[in-house]
Amino acid sequence: MSAASEQDLNRRSCVPCEGGVPPVAPDEAREQVRRLPGWSITADGRGIRREWTVKNFMAGIEFFDRLARLAEEEGHHPDLHLEGYRKVAVVLTTHAIGGLSENDFILAAKINQLPIASKS
Ligand SMILES: C[C@H](O)[C@H](O)[C@H]1CNC2=NC(N)=NC(=O)C2=N1
């Protein structure tokens, strides 16, 4: 995998993953995540994470609702965390391979396009 721009990732779609492929190598993951504003590699290296402080509780829930629809369209599903009444976090990892796949970066680019009533 070579790193793609956020715009390129946005034009692509997730492909079904049922395992059997190696996770993206750590160096490549770091290079890729640099092109995705707001995202960083998780401490265990198996995923990427972004958090937002939202305007109010419903803004967080509405964001999750939009995100759930996007995830269903893409067939790739995020771990959603409501970490406080105005703090939301999203972790992307490909469960089937226990690490990062291109699907995670594609979905991150698309999540960055979603409207969010954010405070930061
Ligand atoms: C066939 C289908 O693509 C798989 O079951 C998908 C569904 N959504 C998924 N989402 C995530 N995050 N990881 C997966 O491994 C995964 N598998």
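In case you missed it, the structure is sitting above this.
Worth saying up front: this structure is predicted, and the values here are computed from it rather than measured.

Novice: Whenever I open this one, the environment of W39 confuses me. Can you help?
Specialist: Mapped onto the secondary structure, W39 falls in the loop between α2 (26-33) and β1 (40-41). Overall, the presence of 23 C-beta atoms within 10 Å leaves W39 in the buried class. W39 sits 51 residues away from V90 along the chain, and the two C-alpha atoms are 9.4 Å apart.

Novice: Even after reading the chapter, I still don't get the pairing of strand β2 (residues 48-53), so can you show me in this structure?
Specialist: Along a regular strand, successive side chains alternate from one face of the sheet to the other. Examined bridge by bridge, β1 and β2 share two bridges and lie antiparallel to one another. Looking at the pairing, S40 lines up with R49 of β2. Pairing between β2 and strand β4 (residues 87-92): six bridges, direction antiparallel. Residue pairing for β4: R50 is matched across the bridge by V90.

Novice: Explanation requested: helix α3 (residues 57-74) in the structure shown.
Specialist: In an α-helix, one full turn covers 3.6 residues, which means residues spaced three or four apart are oriented alike. Taking 1.5 Å per residue as the helical rise, α3 with its 18 residues ought to reach 26 Å, and the 26 Å between its terminal C-alpha atoms agrees with that figure. Burial in α3 covers these residues: G60, F63, L67 and A71. The buried residues of α3 all sit within an arc of 75 degrees when viewed along its axis, so they share a single face. With respect to the buried face of α3, the exposed residues turned more than 90 degrees away are M58, I61, D65, R69, E72 and E73. Against the buried residues of α3 lie β3 (79-84), β4 and α4 (102-111). Backbone geometry just after α3 places G75 at a positive phi near 70 degrees.

Novice: Help me out: how do you make sense of the nonpolar core in this one?
Specialist: Nonpolar side chains tend to gather and get buried jointly when the protein is soluble and globular. Judged by nonpolar contacts, the single largest core of 22 residues is most densely connected at L36, I48, F105, I106, L107, A108 and A109. Looking at this core element by element, the count peaks at six residues for α4. Discounting chain neighbours no more than four positions away, the residues touching L36 are E6, F105, A108, A109 and N112.

Novice: What should I look at first to understand the sheet that holds β3 in this one?
Specialist: Within a sheet, each strand pairs with its neighbour through backbone hydrogen bonds, oriented either parallel or antiparallel. The sheet built from four strands is open, its strands ordered β1-β2-β4-β3 with antiparallel pairing. What marks the edges here is a single partner per strand, and that holds for β1 and β3. Summarising the sheet, β3 and β4 pair through five bridges and their orientation is antiparallel. In the sheet register, G84 faces β4, and the bridge partner there is K87. α4 contacts β2 and β4 of the sheet and is inclined by roughly 150 degrees relative to β4.

Criteria and cut-off values
Position numbers for residues count from 1 along each chain, tracking the sequence in the order it is written. Predicted model: local features are reported for residues with pLDDT of at least 70 only, side-chain atom pairs are reported and counted for 80 or more only, and whole-chain, interface and lining totals are derived from all residues. In DSSP terms, a helix is any run of H or I states spanning at least four residues, a strand is any run of E spanning at least two, and both are numbered starting from the N terminus. Exposed residues have 12 or fewer other C-beta atoms within 10 Å of their own C-beta, buried residues have 20 or more, and partly exposed residues fall in between, where C-beta atoms are placed from the backbone. Paired strands, as defined in this entry, are two strands with at least two bridges between them according to DSSP. What a helix should span is 1.5 Å times the count of its residues minus one. The directions considered for the arc run from the helix axis to the C-beta atoms. Any pair of residues counts as being in contact when their C-beta atoms, constructed from backbone geometry, are within 7 Å of one another. Only buried residues count toward a nonpolar core: Ala, Val, Leu, Ile, Met, Phe, Trp, Tyr and Cys, linked into one set through C-beta atoms within 7 Å. Axis definition: a line fitted to C-alpha atoms, over the contacting stretch in the case of helices. Angles run 0 to 180 degrees between N-to-C directions.

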